[in-house]
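Given next are the chains, with one letter for each unit.
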Amino acid sequence: MTTPKYIRQELKQVKDPEIPTISIVDLGIVTGIDVSENNDVHVTLTPTFAGCPALRMMEDMVKEHLGSYEQLGTITVETSFATTWTTDLITPEGHEAIKKHGLAPPKRNCSNITMDLLEATPCPYCESSDTSMKSPFGPTLCRSLHYCNNCKQAFEGFKPVG
Amino acid sequence: MDSIAALKELLYKIADDQLIIGHRNSEWTGLGPILEEDIAFSSMAQDKIGQSEHIYNLLHQLGEADADTVAFTRNAPQFHCSQLVELPIGGYDFSLIRHFLFDFAEYLRFEALKTSAYQPLAQVAKKFFGEIKYHTMHANTWVHQLGHGNGESNGKMQESLNYAWNYALGMFEPGPAEDVLITENIFIGETALREQWLEVITPLLEKSNLVIPSQSEWAPIYGGRKGEHTEHLQPLLSEMTEVYTIDPTADW
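Please read all numbers here as calculations on a predicted model, not as lab measurements. (Residues numbered from 1 in each chain as written. Chains lettered and ligands numbered in written order. Predicted model: local features only at pLDDT ≥ 70, side-chain atom pairs only at ≥ 80, totals over all residues.)

What follows is about the overall build of chain B. A tally of regular secondary structure across chain B gives 11 helices and zero strands. Helices (α) and strands (β) of chain B occur, in sequence order from the N terminus, as α-α-α-α-α-α-α-α-α-α-α. Here the C-alpha atoms of chain B give a radius of gyration of 18 Å, agreeing with the 18 Å that 2.2 N^0.38 yields for 252 residues. With respect to the principal axes defined by its C-alpha atoms, chain B has extents near 55 × 45 × 30 Å. Within chain B, the proportion of its 252 residues that are buried is 47%. (Helix = DSSP H or I, 4+ residues; strand = E, 2+ residues; numbered from the N terminus. Rg over C-alpha atoms; globule rule 2.2 N^0.38 Å. Buried ≥ 20, exposed ≤ 12 C-beta atoms within 10 Å, placed from the backbone.)

Okay, here's the thing in structure tokens:
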């Protein structure tokens, strides 16, 4: 019989369509995996942002990916707010993957977000903390805009959500 | 009124406010005064409309029609949004002031709803609360900056605040079942929310060199929650539903 642990491992191959270096597991959105006796799999996802257009796409990607495993039965995917997603659910591997995409990873333990907190976000290119936040809104809902005063590069950050 | 009917009413006004302000925010897409602001209002539009969809889904679970049907097939008198959110975007000064007044109210509304006895609502409130925090920070930064900019920017912000004020008070129009929502611990009620809101925004506006109209001039503009709207809502709905009306099965 398949185990939830096995499914979680396999789901590392499903990537966030907006940041293709990070898997949905490392992003922290896979909040439940149930496997029945006849290998039917039920996966629960929690939205990163209520308005994230990639959410439905990720549901389909999970279904499609697990659907290719012959030993698995029916695959169902559900989105639920029961676990509230925060950026603290992103794994350490996830942080590395975000950097690889050229984005600054979110600061940890941000239950109280302030504008000051977004200042001095380390630059993903030169790691300097001499940076300024230009806007808390970027090209996708999860990104903010920054400028590095050291290497004179504009960069984007994955913004902390508490 | 039973608690389900009271809950539905609460959900409709929240979702309708979000959908309509979301649509208004999206009208800045491509027109923002600077690129970052264009992106900010577009992002907030996406947040609001996404949030409204989840609230409409909660209504669907309570037996109402599905989200698209509810969003795209009703006419103005069937909407429960406050009149504040339906007003045209006007100049950037008005859009920023409305954004400030609306988002602080919404932030506090969801903060209160995080502990709602209605679990599905408490769950989404926790999520939305973290998102709306960014909206309030954005609003306060700009209100503060322009309040302190120069005579012209301060004057424009003050004028917009004066104009928006009674509409903003209209957000807190009490519903017919406030007592049910309060007794059942579903929601703290509009009167308590308004008190919290005043407590939060008063010092922020003071710090921004802006003056709240004197209390003798307060005359909340009610009606939106009961389906009474300004002449601005129906044209917005006609535009928003144009594609759906031509082809209800359209997809992309």
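What chain A contains, in helices and strands, is five helices and seven strands. Reading chain A from its N end, one meets helices and strands in the order α-α-β-β-α-β-α-β-α-β-β-β. Expressed as a percentage of the 162 residues in chain A, the buried residues total 38%. At a minimum sequence separation of 6, the contacts of chain A that also span at least 24 residues come to 52%. (Contact = placed C-beta atoms within 7 Å.)

All names here are of chain A. Read from one edge to the other, the open sheet built from three strands follows the order β1-β2-β3, with strand pairing classed as mixed. Bordering the open sheet on either side are β1 (30-35) and β3 (75-79), each of which pairs with just one other strand. Strand after strand, the sheet turns through a mean of 15° between neighbouring axes, direction not considered. (Pairing = 2+ DSSP bridges. Axes fitted to C-alpha atoms, helices over the stretch in contact; angles between N-to-C directions.)

With that out of the way, let us pick up the interface of chain A and chain B. Between chain A and chain B, the residue contacts involve 20 residues of the former and 22 residues of the latter. The residue makeup of the side of chain A that touches chain B, split by class, is 13 nonpolar, six polar and one charged. (Nonpolar A, V, L, I, M, F, W, Y, C, P; charged D, E, K, R; others polar.)

Side chains that are three or four residues apart share a direction in an α-helix, a result of its 3.6 residues per turn. Residue and element names in this part refer to chain B. Between the first and last C-alpha of helix α9 (residues 190-207) there are 26 Å, a value that for 18 residues agrees with the 26 Å anticipated at 1.5 Å per step. Looking only at α9, the buried set comprises Glu190, Trp197, Ile201 and Leu205. Against α5 (92-113) and α8 (178-183) lie the buried residues of α9. Once α9 finishes, Asn209 follows within two positions and takes phi at roughly 65°, a positive value. (Expected span 1.5 Å × (residues − 1).)

Right, let's get into the pairing of strand β7 (residues 154-158) of chain A. Residue and element names in this part refer to chain A. Burial runs high along β7: four of the five residues are buried. By the bridge criterion, five bridges tie strand β6 (residues 143-148) to β7 in an arrangement that is antiparallel. Within the sheet, the bridge partner assigned to Ser144 lies in β7 and is Gly157. The antiparallel pairing of β6 with β7 creates a hairpin that spans five residues between the two strands, and Lys152 there sits at a positive phi of about 55°.

Bringing the sheet that holds β7 of chain A into the picture now. Whether parallel or antiparallel, the strands of a sheet pair through hydrogen bonds between backbone atoms. The sheet built from four strands is open, its strands ordered β4-β7-β6-β5 (chain A) with mixed pairing. The strands lining the two open edges of the sheet, one partner per strand, are β4 (103-104) and β5 (131-135) of chain A.

All names here are of chain A. With five bridges connecting them, β1 and strand β2 (residues 41-45) associate as antiparallel partners. If you follow Val35 over to β2, its bridge partner there is Val41. Counted along the chain from β1 to the antiparallel partner β2, the turn is five residues long, and its residue Asn39 has a positive phi close to 65°.

Residues and elements named next belong to chain A. Looking at the assigned domains, one finds that chain A contains domain 1 (4-85) and domain 2 (103-158). Between domain 1 and domain 2, the C-alpha centre-to-centre distance is 28 Å. Of the residues lining the interface, six residues belong to domain 1; the matching set on domain 2 comes to four residues. (Domains from an automatic or database assignment.)

The next subject is the packing of helix α2 (residues 35-61) of chain B against helix α6 (residues 119-148) of chain B. Residues and elements named next belong to chain B. Contact pair α2 / α6: the axes reach a minimum separation of 11 Å and the direction vectors enclose 165°. Comparing the axis directions of α2 and α6 gives the class roughly antiparallel. In the crossing of α2 with α6, the sense of the turn from one axis to the other is left-handed. Across the interface between the two elements, Ala40, Met44, Asp47, Gln51, His54, Ile55 and Leu58 from α2 touch Pro120, Leu121, Val124, Phe128, Glu131, His135 and His138 from α6. Taken together, the residues of the contact of α2 with α6 sort by class into eight nonpolar, four polar and two charged. (Parallel < 35°, antiparallel > 145°, perpendicular 65-115°, else oblique. Left-handed = near helix turned anticlockwise from the far one by under 90°.)

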